[in-house]
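Examining the three-dimensional arrangement
Listed below, chain by chain, are the residues.
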Amino acid sequence: MNPLLAFDLDGTLIDSAPDIVVAVNRTLKNHGKITLSDEVIISHIGEGLKKLIADLFLEDNLEPSQIVELEMEFLRIYEEEMFNRTTIFPGVENFLSSYQGPMAIITNKNEKPAKAILSHLGLDRFPWVNVFGADTLEERKPSPLPLQTMMKLASRTPQDTFMIGDGIPDVLSALRAGVPSIAIGFGYTSISLLEKYEPKGVLGHYQDLHSLLEKLSVRA
């Protein structure tokens with residue numbers, strides 16, 4: 001029985017950073033703030049929109065309602081930008097076309113923009129078990145709940161599931177769910193940070209994912 005593969009989205013299947021950077025800097029400009037470098041903004045991707053906005057406006061001591069307003073503003077801007085520069089990482093489509101087991105997406109991007117991106121890039125043609133966004137369930141990564149829920153939908157256990165992602169929420173949610181994780185070596189978080197959360201392997205290119213899964217499954 002082939003394992004369930006639960007993929008993160010940004011920095012894992014797609015390189016969405018260029019559009020996120022533009023949208024963040026447009027939001028900052030709207031509020032009279034200086035724009036930030038790509039590196040600074042990219043370092044915030046993965047924790048989800050609330051964390052991204054809260055971190056960038058930390059010194060403003062915003063009320064929760066003001067943060068919600070900023071989130072909605074950012075989402076409006078991001079929806080204008082998100083199809084302009086985002087691309088699929090090399091080898092992703094070949095792998096997804098050839099994998100014979102269940103596949104799912106668990107992202108901290110909100111569900112609506114996540115599904116819009118998948119549709120725009122043609123990644124919605126793959127038979128996903130489901131696509132969970134940050135706002136799909138009552139908890140998001142690094143909570144184990146999305147992964148646990150997806151395993152139930154796919155009729156898989158932690159022993160025959162892998163979480164594949166480039167962020168701390170990915171590997172930490174896997175650790176909490178008792179699921180082995182595979183860290184993305186070309187994503188938005190340095191491997192040295194991800195290794196603290198005990199990923200079973202590191203993926204350097206999607207052409208290597210079949211063989212990596214075989215090795216890890218034999219080891220298990």
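Further up the page is the structure itself.
Presented here is a report on the structure given in the accompanying data block. Here the structure is a predicted model, which is why all the values come from computation and not from measurement.

A sheet is described by the order of its strands in space; here six strands give the open sequence 5-4-1-6-7-8, paired in parallel fashion. Either end of the sheet is taken by a strand with one partner, and the two such strands are strand 5 (128–132) and strand 8 (201–203). Neighbouring strand axes in the sheet, compared pairwise and without regard to direction, differ in orientation by 20 degrees on average.

So, about helix 3 (residues 49–56). Along helix 3, the residues that are buried comprise Leu49, Leu52, Ile53 and Leu56. Mapping the buried residues of helix 3 onto a view down its axis gives an arc of 90 degrees, with all of them on the same face. The secondary structure elements touched by the buried residues of helix 3 are helix 1 (17–30), helix 2 (38–42) and helix 4 (64–81).

Summed over all chains, the structure comprises eleven salt bridges. Residue Glu80 pairs with Arg26 through a salt bridge whose shortest N-O separation is 2.9 Å. Of this pair, Glu80 sits in helix 4 while Arg26 is found in helix 1, placing the two residues 54 residues apart along the sequence. As a salt-bridge pair, Arg125 and Glu93 come within 3.2 Å of each other at their nearest N and O atoms. You can see Arg125 sitting in the loop between helix 6 (111–121) and strand 5 and its partner Glu93 sitting in helix 5 (residues 92–98), a full 32 residues away along the chain. Looking at Glu93, the relative accessible area reads 30%, which means it is partly exposed. The network of salt bridges with shared partners includes Asp19, Arg26, Glu80, Glu81 and Arg85.

What counts and what doesn't
- Residues numbered from 1 in each chain as written.
- Predicted model: local features only at pLDDT ≥ 70, side-chain atom pairs only at ≥ 80, totals over all residues.
- Heavy atoms only, no water.
- Pairing = 2+ DSSP bridges.
- Helix = DSSP H or I, 4+ residues; strand = E, 2+ residues; numbered from the N terminus.
- Axes fitted to C-alpha atoms, helices over the stretch in contact; angles between N-to-C directions.
- Buried < 20%, exposed > 50% of the residue type's maximum accessible area, 1.4 Å probe, protein only.
- Arc of directions from axis to C-beta.
- Contact = heavy atoms within 4.5 Å.
- Salt bridge = Lys/Arg side-chain N within 4 Å of Asp/Glu carboxyl O.

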